[in-house]
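Examining the three-dimensional arrangement
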Amino acid sequence: MSHEEALRLVFPLLNDRDLASCMQVCKHWKDIARDDYLWKCLSARRWPSLCKRTTPPPVSYHELFTLLDGRFHRMDRSPTLSFDDLEFYIDIWAEERIGFSGVVPCSLIRVGVKHLPPEVLAMNRPYLESDGYKIILPVRPKFSIPIEGDISISVLVRWRDENKFACIFEKGKLDQNELQGFAPNILQFAPPITLNILKVHADRAFISLLFMPDFNFEGDFSLLVHADRSRVFGIALDFGVNVRSKTDALLLLSVLDWD
Amino acid sequence: MSSTKIFLKSSDDKTFEIDETAARASETLKNIIDGGCLDGVIPLPNVSSNILPKVIEYCKKHGGDNGSSKKIANGGVDKDKEILPDYDEEEDKREKVRVDELKKWEEEYMDFDQQVLYDLMLAANYLHIKGLLDLTVEKAASMIRGRTPDQIRENFNINSDFTPEEEEEMILIEDEWDDEWAFD
């Protein structure tokens, strides 16, 4: 029995954190501890539905685990995707009538928000400026939707080089209850709709519509309580606090079911 | 019942004596004995004289008593007993004492440094002594659990062969965020 065979007996007894430590001991240990079978077992224990997918994930289970578990923030290789490869297909319905339908090309996609447009209220800035990785998609032209009534949204993403599509958010309806406090909160959160891959983790990814007042307004925004329409100027895809870098966000997108 | 003596020869040509019942704790030895290939001394070219007495000590404790290690693995108490009508409380108590005593013995038995651990693991693997192999593997795992990479290296006497750049990379990779707001 070689050292390697001995380690292969020991490593299955370890949890994810200890196995991650083993990967930092030396190159030999790293090669053995990164064995994807070990990480598949750990992933299956943590997120059982992950291992029930019909197609294997395009990244290793080790990468997947690392990505989904915020404690380890390390990636072994860069994702095959880049933001330049992606375009987003967005449809928004208000009262079952299409309010916006468009392809948001990569050139308009910006990640991370530091300089917000002046219309964004101070009370919404902490969210947009907070940690956690967000992809902000501007919606052009801006469109108005009624505050009351059903709002649905669907987001597909296309990987241009491969001409493949993946569904990020299936068409889902905003809950009326979620609309409470909508104005003067310009920012409206949809109920958590999960990425396909993350159905077990309902709180991980969600989608937000970014609203601003539907008229030029100066003064006290709290008066907007009485506005009955608001203008959508953007959509935010929020991957939750565990996704802290562009690499993480791209890896998360790369594990969608691409067809 | 008197037991036949078996002689084992270590890789460095030292001979050790063991009872046949104890030797049967090893699948490998058991097959040799049952196969009738016993020809005086059994040579064990993969086990040195440092390790062989340790192995024999384990076999003496466990030979002819294959059930014990299993009961430890189950938490020491056979739960099925409680629903049997002829459940014997006294016997159960005695069993608990036996298991506790065995655990204590194993603790003391396993108190050695990591070089012995690896050699013992090799011997247990070679001789097919499942219980001993499990013990050594578990001991190795316990020397890793909850430890930092530095502490693990120290425990197993390993030097890191990562470059400083690679070490740095493992700590944190964080992209620079695009610092631009695209809306007009």
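Residues numbered from 1 in each chain as written. Chains lettered and ligands numbered in written order. Predicted model: local features only at pLDDT ≥ 70, side-chain atom pairs only at ≥ 80, totals over all residues. Heavy atoms only, no water.

Per an unreviewed UniProt entry, chain B is named SKP1-like protein, and its organism is Protea cynaroides. According to UniProt, the comment filed for chain B under the heading Pathway (unreviewed entry) is "Protein modification; protein ubiquitination." According to the UniProt record, the Function (unreviewed entry) comment for chain B reads "Involved in ubiquitination and subsequent proteasomal degradation of target proteins. Together with CUL1, RBX1 and a F-box protein, it forms a SCF E3 ubiquitin ligase complex. The functional specificity of this complex depends on the type of F-box protein. In the SCF complex, it serves as an adapter that links the F-box protein to CUL1." (UniProt positions renumbered as here; feature names shortened; annotations may be inferred.)

For chain A, an unreviewed UniProt entry supplies the name F-box domain-containing protein and the organism Protea cynaroides.

A closer look at helix H3 (residues 52–62) of chain B
Among the residues of H3(B), those classed as buried are Leu52(B), Lys54(B), Val55(B), Ile56(B), Tyr58(B), Cys59(B) and His62(B). Summarising the contacts, the buried residues of H3(B) are in contact with strand S1 (5–9), strand S2 (15–19), helix H1 (20–23), helix H5 (89–109), helix H6 (114–126) and helix H7 (130–142) of chain B. (Buried < 20%, exposed > 50% of the residue type's maximum accessible area, 1.4 Å probe, protein only. Helix = DSSP H or I, 4+ residues; strand = E, 2+ residues; numbered from the N terminus. Contact = heavy atoms within 4.5 Å.)

Things to note about the packing of aromatic side chains
According to the stated counting rule, one finds six aromatic pairs over all chains in the structure shown. Measuring from centroid to centroid gives 5.3 Å for Tyr89(A) and Phe165(A), while their planes differ by 65 degrees, and the two rings are edge-to-face. You can see Tyr89(A) sitting in strand S1 (residues 86–94) and its partner Phe165(A) sitting in strand S6 (residues 164–173), a full 76 residues away along the chain. With a relative accessible area of 24%, Tyr89(A) lands in the partly exposed category. Residue Phe165(A) is classed as partly exposed on the basis of its relative accessible area of 32%. Each ring, one from Tyr58(B) and one from Tyr109(B), has its centre 5.9 Å from the other, and the planes form 50 degrees; the classification is tilted. Taken together, the residues span a long stretch of sequence, with Tyr58(B) in helix H3 and Tyr109(B) in helix H5 at a distance of 51 residues. Across the pair, exposure class does not vary: Tyr58(B) and Tyr109(B) are buried alike. The lysine or arginine in question, Lys54(B), covers the ring of Tyr109(B), its NZ or CZ lying 4.2 Å from the ring centre. Sitting above the plane of the Phe112(B) ring, Lys139(B) keeps its charged end 5.0 Å from the centroid. (Phe/Tyr/Trp six-rings, centres within 6.5 Å; stacked < 30°, edge-to-face > 60°. Lys NZ or Arg CZ within 6 Å of the ring centre and 35° of its normal.)

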